[in-house]
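Here are the chains, one letter per residue:
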Amino acid sequence: MDANAEVFVTLSADLLDRLRKVAQKEHVPLRWLVAGLICDTVEADRLPVGAGSGAMAAAAR
């Protein structure tokens with residue numbers, strides 16, 4: 001992924017609220033969680049069906 005690329009993300013109010021709570025609990029910036037969500041989604045899109053291995057796949061289990 002190009003580190004200079006600009007990405008716009010639209011989150012539902014519920015997801016944003018949940019991510020804020022996780023960020024506060026884990027003491028990490030909210031933008032890091034959102035960036036991780038985007039990167040996992042991009043990586044999962046590149047994998048064959050059923051081969052998910054990122055945080056998104058772990059969360060779905």
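Everything numeric in this text was worked out from a predicted model, so none of it was measured.

Peer 1: Tell me about the overall build of the protein, and name the residues and values.
Peer 2: What the protein contains, in helices and strands, is 3 helices and 0 strands. Along the chain direction, N to C, the helices and strands of the protein fall in the order α-α-α. Relative to its full complement of 61 residues, the protein shows a buried share of 8%. Of the roughly 5,300 Å² that the protein leaves accessible, carbon and sulfur atoms contribute 56%.

Peer 1: Kindly report on helix α1 (residues 13-26), identifying the contributing residues and their values.
Peer 2: Relative to the 20 Å expected for 14 residues at 1.5 Å per residue, α1 spans 20 Å between its end C-alpha atoms, a close match to the ideal helical length. In the segment just after α1, His27 is the residue with positive phi, at about 60°.

Peer 1: A description of the confidence of the model for the protein should follow, citing residues and the corresponding values.
Peer 2: For the protein, the mean per-residue pLDDT works out to 77, and 64% of the residues sit at or above 70. Across the protein, element-level confidence peaks in α1 with a mean pLDDT of 95 and bottoms out in helix α3 (residues 55-60) with 48.

Analysis parameters
- Residues numbered from 1 in each chain as written.
- Predicted model: local features only at pLDDT ≥ 70, side-chain atom pairs only at ≥ 80, totals over all residues.
- Heavy atoms only, no water.
- Helix = DSSP H or I, 4+ residues; strand = E, 2+ residues; numbered from the N terminus.
- Buried < 20%, exposed > 50% of the residue type's maximum accessible area, 1.4 Å probe, protein only.
- Areas by Shrake-Rupley, 256 points an atom, 1.4 Å probe, with all protein chains shown as cover.
- Expected span 1.5 Å × (residues − 1).
- pLDDT = per-residue confidence, 0-100.

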